[in-house]
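Examination of the molecular architecture
The residues making up each chain are set out below.
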Amino acid sequence: MTEIVDDVLSLCDAEEVSVRDMLAAFGNAGFLPALLIPAVIVVSPLSGIPILPSICGIMIFLVSIQMLGHRRHLWLPGWLLRRSVGTKGLRTAMERLHRPARWLDRHSGRRLGFLTRQPMLSLLQLACAICGLAMPLLELVPFSSSLLAAAICLMGLAMITRDGLWALVALLPVAGAITLLLTIWT
C-alpha cells in the first residue's frame, strides 16, 4: 500500500496532476490504483467540494466495469483523463496516508483467500461498480459519499493484498451507506 501512496506523491511536484498523469505512473497495473485514488479522494475532506464525489464515483464505476470485463489495459474517456486536481490537497492527503498505509501493510495477510479469487473477486468488483454509481446520489448529503468510498478502499485493499478479511470489513461502510440512502428516500 505504501508503494501506491509513494507513486502518487511523486506526481505532486507540478501545480496540478491530471488523471492521465496518475494512470501513467502505474503503467499496466493501473486498475487498482485507478480504483483507489478516487476513493481515497472521496474519503478525504476533499469530498466536500461540490461535484467531486460524482466525478470520482463515475471514474470508480468505469474502472470497476473494466475490471469485471477482464480488460488488459485501463481505458477512460478523454474528458476524464484531462481532469486534474491541485497537488497541494493531493500531497496533504497522500502524506497523511503514509502512516495508515504502513499499518495496513503490516496487518494484511492471506486470510480468507477464497473471497479474493473468482468468482468472489467478480462480486467485489461488481460491488465497487455499484458503490461508484451510487456516489452521485449520496452527494445530496455532504460527505456521505465517503462511506461508499471507504468501502471501495477496503475492497481495493482486499484485492491488492488478497486478504479476504478486508473484503468482509468493507461490508460495514456499505451497510452504513444503505441505511443513509434509505433514510434519505423515506
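What you see is a predicted model; the values in this text were computed from it and never measured.

**Digging into the side chain of aspartate 163**
- Turning to its location among the elements, aspartate 163 is positioned in the loop between α8 (145-161) and α9 (164-169).
- Judged by its relative accessible area of 0%, aspartate 163 is buried.
- A polar atom in the side chain of aspartate 163 sits 3.0 Å from the backbone nitrogen of glycine 109.
- The contacts of aspartate 163, once residues within four sequence positions are left out, are His107, Ser108, Gly109, Arg111, Thr116 and Ala158.

**Details of the nonpolar core**
- Of all hydrophobic cores here, the largest spans 54 residues; its most connected members are Leu35, Val63, Leu76, Ile152, Met155 and Met159.
- Not counting residues within four places of it along the chain, the set of residues in contact with leucine 76 comprises Val19, Leu23, Met59, Leu62, Val63, Gln66 and Leu81.

**Concerning the packing of aromatic side chains**
- Under the definition given, this model contains one aromatic pair.
- Their ring planes at 70° and their centres at 6.2 Å tell us that tryptophan 103 and tryptophan 166 sit as a pair that is edge-to-face. Remark: tryptophan 166 occurs in helix α9 and tryptophan 103 occurs in helix α6 (residues 87-106); sequence separation between them is 63 residues.
- Residue tryptophan 166 is classed as buried on the basis of its relative accessible area of 11%.

**Thoughts on the confidence of the model for the protein chain**
- Here the protein chain averages 85 in pLDDT, and 97% of its residues register 70 or above.
- Confidence, read as mean pLDDT per element, is least for helix α1 (residues 2-9) in the protein chain (74) and greatest for helix α4 (residues 52-68) (93).

**Regarding the packing of helix α7 (residues 120-138) against helix α10 (residues 171-185)**
- Here α7 crosses α10 at 40°, and the two axes come no closer than 11 Å. Relative to α10, the element α7 lies oblique. For α7 against α10, the interelement crossing comes out left-handed. Contacts between α7 and α10 involve Cys131, Leu137 and Leu138 on the former and, on the latter, Val174, Ala177, Leu180, Leu181, Ile184 and Trp185.
- Residue classes in the contact of α7 with α10 are distributed as nine nonpolar, no polar and no charged.

**Comments concerning the environment of glycine 113**
- Checked against the element boundaries, glycine 113 lands in the loop between α6 and α7.
- In the structure, glycine 113 is positioned 90 residues away from leucine 23 in sequence and 28 Å away in space, judged by C-alpha atoms.

**As for the pattern of salt bridges**
- Inspection of the entire model under this criterion finds one salt bridge.
- Of the charged contacts in the structure, one is a salt bridge between arginine 111 and aspartate 163, with a shortest N-O distance of 2.5 Å. Residue arginine 111 is located in the loop between α6 and α7, and its partner aspartate 163 is located in the loop between α8 and α9; the two are separated by 52 residues in the primary sequence.
- Owing to a relative accessible area of 33%, arginine 111 belongs among the partly exposed residues under this scheme.

Definitions and cut-offs
- Residues numbered from 1 in each chain as written.
- Predicted model: local features only at pLDDT ≥ 70, side-chain atom pairs only at ≥ 80, totals over all residues.
- Heavy atoms only, no water.
- Helix = DSSP H or I, 4+ residues; strand = E, 2+ residues; numbered from the N terminus.
- Buried < 20%, exposed > 50% of the residue type's maximum accessible area, 1.4 Å probe, protein only.
- Polar contact = N/O pair within 3.5 Å; in protein donor to acceptor, adjacent residues only side chain to side chain.
- Contact = heavy atoms within 4.5 Å.
- Core = buried A, V, L, I, M, F, W, Y, C linked by side-chain atoms within 4.5 Å.
- Phe/Tyr/Trp six-rings, centres within 6.5 Å; stacked < 30°, edge-to-face > 60°.
- pLDDT = per-residue confidence, 0-100.
- Axes fitted to C-alpha atoms, helices over the stretch in contact; angles between N-to-C directions.
- Parallel < 35°, antiparallel > 145°, perpendicular 65-115°, else oblique.
- Left-handed = near helix turned anticlockwise from the far one by under 90°.
- Nonpolar A, V, L, I, M, F, W, Y, C, P; charged D, E, K, R; others polar.
- Salt bridge = Lys/Arg side-chain N within 4 Å of Asp/Glu carboxyl O.

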